[in-house]
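# A look at the structure
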Amino acid sequence: MKNRFFLALLLTIVLVVGSTILARADYPERPITLIVNYSAGGGTDMCARAVAKRAEKILGQPIIVVNKPGAGGTIGVGAVAAAKPDGYTIGVLTYTPLAIAPHVYDVPYNPLKDFEYIMGYAKYLYGTSVRSDSPFKTLKDLVQYAEANPGKIKYGVQGLSIPNHFAMVYLSKMAGIKIEPVVFKNTMEEVAACLGGHIDVTNQDPPAVVPHIQAGKLRLLASFSDIRWKWVPDVPTVKEMGYNFYVESWAGLGAPKGVPKPILDKLRDAFRKSADSEEFLEIIDRIRLIAEYRTPEQFKNLVQVGYKENEAMVLELGLHKSQKK
Amino acid sequence: MDLLGNIAYGFSVALTPANLLFCLLGVFIGTLIGVLPGIGPVGAMSLLLPTTFYISPVSAIIMLSGIYYGCMYGGSTTSILVNIPGEAASVVTCLDGYQMARQGRAGPALGIAAFGSFIGGTISLVGLMLVAPPLAEAALKFGPPEYFALMVLGMTTLIYLASGSIPKALMMAVVGIILGSVGIDATSGAQRFTFGILELNDGIGIVPLVMGLFGISEVLLNVEQSFKRDIFKTRLKGLLPSRQDWKESAKPITRGSILGFFLGILPGGGALISSFVSYAMEKRVSKHPEKFGQGAIEGVAGPETANNSATGGAFIPLLTLGIPANVVMAVLLGALMIYGMQPGPLLMRNHPDLFWGVVTSMYIGNGMLLVLNLPLIGLWVQVLKIPYRILFPLILVFCLIGVYSINYSVTDVLIMIICGILGYLMRKFKYEAAPLVLAYILGPMLEMALRQSLAISNGSFAIFLTRPIAGTGIVLAILLVLSPLLPWMRRRRLALGEER
């Protein structure tokens, strides 16, 4: 009797373990959902769709893109964290909701604990531009003017506690100048205000300003990233000009914590190949982001380091969630 | 190339069989999307965007543009038939359009909306071709102080949206401003009225709000009255606008076309605001303002023309400057980038096939829409013959699915239901929803513009008076508010107050 019981138990264990191993070997056997944390049609979305398109050929199953925009990208990221860790739900993890937003307001996830990272695949660049008839020909002109006229220079940002905003705060700290932010609802309104001469400076990314730079309406003064903008290669980075900082922001992929290792490996492998594909590189170039692969470890590290650095910054600006009550 | 040459070239692009087909496809999808509550042009266009990668960029943009203006056509249909705005710019159409339907005049209402849309769309296209570049430059002159003045002017139109008690309308406006301020305040980063709910960080969406206030509340109200229902039993009086209707609508359509075009050029929700302003303007100049809200055809003709005219205007900053005037245009801008086109000042020069092809395709598309929509009127009117017990559950289902489909968010569904109950109570106690919606839209824009202006001026309010455009707007608004004190204006104002 006892033996029989153990035999049954053993059999069950073999069956259960066996079937999960088999299942893993077969993964994926149904479509995979990819949650994008911004609206359809935007840069992050188009980039994610491009990377998914190639990966579904490698994985042999369709990847269904679902947009869950809102609250600065945190809603989509939260949905990834809350999903079942079976490898059938993955999502775009972007830098701001991971490394900045958790300090600013309560989010339903822990960026350091709730995710399995798959890769980082695209970098957003930042820089500061002025109207082409502006007296500021270089960043130095702007800094000198600001030194002589504290608080006179108004720069646009499309929200607080985002990399574009931090870059200007770093700059004003390191150059010892006082410049004032004017907050806009979105990128396009900010760029329009700069083109119309209502603000002195706009801090938008290449997709928003490169067309105007090439048409001779705006002038880039400096890149806030660690590299120059390849569309305007003559303009140096702030670091080259002696201000020792740069800001960064990334798009990557992740899954909820607890996805079995073999499945994770399969996903990582497929997406690494996809991020290297001609198809993907072409799209990302057109939407003026920078394709750069980061391993899961590197990407995780990026988030961890950024999370720490930004906490200090958010606290200093008085925007930390603990300072609001 | 001269203008005529350009137009001829544009037609040669737009009239190729493939482009004609995509134009038709675009306006057809647009009409459908417009009719379905909830999902709007932005959602539809961005969902279709990836599928357009395989066709030529010009065809793709022709189709995507078709969806946009097709949607503006279709949006009025449900407003008129069942009091549910198909998209946000058709909110005001509910006010008189639905009343017309209740009086058996759904046909003329739908007809004048279609004709008005056609005329408005066409006039704005002529404007687009003739004066696009200089106008786009002029639109850039609108900075935060100018927007502030514009919003103040917009707020003064509140009074014309009320057909009942003015104090009640003002109370509703305050509620609207409060609802509009929900979410993260961009300037300070503070969370306002979010109660820790993450989904509320972006504020209350306009679609769940208006669908609740207008649509759901309508259903609730009718469920209650189901036994004594005989409103729609009145014989349908004609399917097309009569000569009298045309006479009454001619001027609103003309004014709406011009107004919509200019407001559409300005970045920031031109179509939406132009429809409200047009309604207010029509009521202001009307000889019988008391009829507004009771089924005045001018109240349908003006706003519907204006919101379609605004779509043409909205293309100007995108095509000439590379600046999208609204979210729909931002999606188009993304599309252009994907196709490897340079959106921006050089677009017109480097890709004349795109610019002139798309612009002329809009002429064709507008014609198609008219042909598509007029025969549909007969069909739509039949919808009203469906018994309520079948129609209303269907409406509810469509609303629920529609609202969920925007962000896949249950919170949006809940907001709609809560707004539905709120709207029901408001109707019971004779509080109107239109002033609430206007204040909800304008309030946050007004606040943003005010704070931006003050940031620019280092806190000095003089900025609103020293800049010519802003100063003129503010003075105009003050005059409008003070106008009841002037003797010759007093009579009309009294007439307004005594309605009902």
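Residues take numbers from 1 onward in each chain, read along the sequence in its written order. As they are written, the chains are lettered A onward and the ligands numbered 1 onward, keeping that order. A pLDDT threshold of at least 70 governs which residues receive local features in this predicted model, and a stricter bar of 80 or more applies before side-chain atom pairs are shown or counted, although totals over entire chains, interfaces and linings include all residues.

### Re the overall build of chain B
Each helix and strand counted, chain B has 22 helices and two strands in total. For a compact globule of 500 residues, the expected C-alpha radius of gyration is about 23 Å, and chain B comes in at 22 Å, within 12% of that figure. Considering only C-alpha atoms, chain B reaches an extent of 60 × 60 × 50 Å along its principal axes. Per-residue burial over chain B gives 57% buried out of 500 residues. Once C-beta atoms have been placed from the backbone, residue pairs whose C-beta atoms lie within 7 Å are recorded as contacts. A fraction of 79% describes how many contacts in chain B between residues 6 or more apart in sequence connect residues 24 or more apart. Segments assigned H or I by DSSP are reported as helices when at least four residues long, segments assigned E as strands when at least two residues long, and all are numbered from the N terminus. Using C-alpha atoms as the atom set, the radius of gyration is obtained and then compared with a globule rule of 2.2 Å times the number of residues to the power 0.38. Partly exposed residues are those falling between the two cut-offs: more than 12 but fewer than 20 other C-beta atoms within 10 Å of their own, whereas 20 or more means buried and 12 or fewer means exposed, with C-beta atoms placed from the backbone.

### Some remarks on the overall build of chain A
Scanning chain A from terminus to terminus reveals eleven helices and eleven strands. Dimensions of chain A, computed from C-alpha atoms along their principal axes, come out at roughly 95 × 45 × 30 Å. Buried residues in chain A amount to 52% of all 325 residues. Long-range pairs, those at least 24 residues apart, make up 74% of the contacts in chain A between residues at least 6 apart in sequence.

### Examining the nonpolar core
Any nonpolar core is a set of buried residues, restricted to Ala, Val, Leu, Ile, Met, Phe, Trp, Tyr and Cys, that join up through C-beta atoms within 7 Å. By size, the foremost hydrophobic cluster in this structure holds 262 residues, and its most contacted members are C47 and V51 of chain A together with M45, L332 and V437 of chain B. Segmentation into domains, and thus their bounds, comes from an automatic or database assignment. Domain assignment of the residues forming this core places at least three in each of domain 1 (31-123 + 250-323) and domain 2 (127-223) of chain A.

### Notes on the confidence of the model for chain B
Detailed reading of the predicted coordinates is not advisable wherever pLDDT falls low. Residues and elements named next belong to chain B. The quantity called pLDDT is the predictor's confidence in a given residue, expressed from 0 to 100. Averaged over chain B, the pLDDT score is 85; the fraction of residues at 70 or greater is 93%. When mean pLDDT is taken per element in chain B, helix α18 (residues 410-428) scores highest with 93 and helix α22 (residues 487-497) scores lowest with 53. For this predicted complex, the interface score ipTM comes out at 0.81, while the overall pTM is 0.83.

### Points about the sheet that holds strand β5 (residues 127-131) of chain A
What holds strands together in a sheet is hydrogen bonding between their backbones, with the strands either parallel or antiparallel. Taken together, five strands build an open sheet; the order of strands is β7-β6-β8-β5-β9 (chain A) and the sheet is mixed. The sheet is open, and its two edges are formed by β7 (180-183) and β9 (218-223) of chain A, each paired on a single side. Here the rule is simple: two strands pair whenever DSSP picks up at least two bridges between them. Of the pairings in the sheet, the one linking β5 of chain A to β9 of chain A comprises five bridges and is antiparallel in character. Residue pairing in the sheet places S129 of chain A in a bridge with L220 of chain A of β9 of chain A. For helices, the fitted line uses only the C-alpha atoms of the stretch in contact; every axis is such a line through C-alpha atoms, and the angle between N-to-C directions lies from 0 to 180 degrees. Docked against the sheet, helix α19 (residues 433-456) of chain B engages β6 (154-157) and β7 of chain A, running at close to 160° with respect to β7 of chain A.

### Overview of the packing of helix α4 (residues 57-82) of chain B against helix α16 (residues 352-383) of chain B
All names here are of chain B. Contact pair α4 / α16: the axes reach a minimum separation of 9 Å and the direction vectors enclose 30°. Looking at the two axes, α4 sits roughly parallel to α16. The hand of the α4/α16 crossing is right-handed. From α4, P57, V58, I61, I62, S65, G66, Y69, G70, Y73, T77 and L81 reach across to α16, where they touch D353, L354, G357, V358, S361, M362, G365, L369, N373, W380 and V383. We call Asp, Glu, Lys and Arg charged. Ala, Val, Leu, Ile, Met, Phe, Trp, Tyr, Cys and Pro are nonpolar, and the rest, Gly among them, are polar. The residue makeup of the contact of α4 with α16, split by class, is 13 nonpolar, eight polar and one charged. The labels follow the angle: roughly parallel below 35 degrees, roughly antiparallel above 145, roughly perpendicular from 65 to 115, and oblique for the rest. Take the far helix as the reference: if the near one is turned anticlockwise from it by less than a right angle, the crossing is left-handed, and if turned clockwise, right-handed.

### A look at α19 of chain B
Residues and elements named next belong to chain B. Spanning 24 residues, α19 covers 35 Å between terminal C-alpha atoms, matching the ideal 34 Å at 1.5 Å per step. Maximal helix bending in α19 amounts to about 30°, located at L442; proline P444 follows within four positions. The element α19 is largely enclosed, with a buried count of 18 among its 24 residues. Take the number of residues in a helix, subtract one, and multiply by 1.5 Å to get its expected span. Axes are fitted to the seven residues ending at a residue and to the seven starting at it; the angle between these axes is taken as the bend at that residue.

### Details of the interface of chain B and chain A
In this assembly, 43 residues from chain B lie in contact with 47 residues from chain A. Elements with a minimum of two residues in the side of chain B that touches chain A: α3 (41-48), α14 (327-338) and α19 of chain B. Ranked by the residues each element gives to the side of chain B that touches chain A, the list is headed by α14 of chain B, at five residues. Considered class by class, the residues forming the side of chain B that touches chain A number 24 nonpolar, 16 polar and three charged.

### With respect to the domain arrangement of chain A
Residues and elements named next belong to chain A. Here chain A is partitioned into domain 1 (31-123 + 250-323) and domain 2 (127-223). One C-alpha centre belongs to domain 1, the other to domain 2; they are set 28 Å apart. If you look at the interface, domain 1 gives ten residues, while domain 2 gives nine residues. Mapped by element, the contributors of at least two residues to the side of domain 1 that touches domain 2 are α4 (95-104) and α11 (296-316).

### Structural notes on unusual backbone geometry
Residue P28 of chain A follows Y27 of chain A across a cis peptide bond; omega there is -5°. Along the polypeptide, P28 of chain A turns up in the loop between α1 (2-26) and β1 (32-36). Positive phi outside glycine occurs at N83 of chain B, with the angle close to 70°. Summarising the element assignment, N83 of chain B is placed in the loop between α4 and α5 (91-102). Judged by the 24 C-beta atoms lying within 10 Å of it, N83 of chain B falls in the buried class. A positive phi angle, close to 50°, is found at F193 of chain B, a residue other than glycine.

### Comments concerning the sheet that holds strand β10 (residues 249-256) of chain A
Residues and elements named next belong to chain A. In spatial order, the strands read β2-β1-β3-β10-β4-β11; together these six strands make up an open sheet with mixed pairing. The open sheet has two free edges, formed respectively by β2 (63-67) and β11 (290-294), since each of these has just one partner strand. On average, each strand axis in the sheet is tilted by 25° relative to the strand beside it, whichever way the strands run. Summarising the sheet, β1 and strand β3 (residues 89-94) pair through three bridges and their orientation is parallel.

### Digging into the packing of helix α2 (residues 17-35) of chain B against α16 of chain B
All names here are of chain B. Direction vectors running N to C along α2 and α16 enclose 55°, while the axes themselves pass 9 Å from each other. What the angle tells us is that α2 and α16 run oblique. Crossing of α2 against α16: the hand is right-handed. Taking contact as the criterion, the partners of N19, L20, C23, L24, G26, V27, F28 and T31 in α2 are, on α16, G357, S361, I364, G365, M368, L369, L372 and N373. For the contact of α2 with α16, the per-class residue count stands at nine nonpolar, seven polar and no charged.

### What about the pairing of strand β4 (residues 115-124) of chain A?
All names here are of chain A. Buried residues dominate β4, accounting for nine of its ten residues. The sheet contact formed by β4 and β11 spans three bridges and is antiparallel. When the bridges of β11 are listed, A122 appears paired with A291.

### Comments concerning the environment of T74 of chain A
Among the structural elements, T74 of chain A can be located in helix α3 (residues 74-82). For T74 of chain A, a count of 26 C-beta atoms within 10 Å translates into the label buried. Expressed as a C-alpha distance, the spacing of T74 of chain A and Q144 of chain A, which sit 70 residues apart in the sequence, is 39 Å. Not counting residues within four places of it along the chain, the set of residues in contact with T74 of chain A comprises P97, A101 and V107 of chain A together with L198 of chain B.

### Focus on helix α5 (residues 139-148) of chain A
All names here are of chain A. Among the residues of α5, L139, L142, V143 and A146 are the ones counted as buried. Buried residues in α5, looked at end-on, bunch into an arc of 95°, giving them a common side. Contacts from the buried residues of α5 go to α6 (163-175) and β9. Of all possible arcs, the one meant is that of the directions from the helix axis to the C-beta atoms.

### As for the environment of L3 of chain B
By secondary structure assignment, the location of L3 of chain B is in helix α1 (residues 3-14). It is 30 Å that separates the C-alpha atoms of L3 of chain B and G302 of chain B, two residues lying 299 residues apart in sequence.

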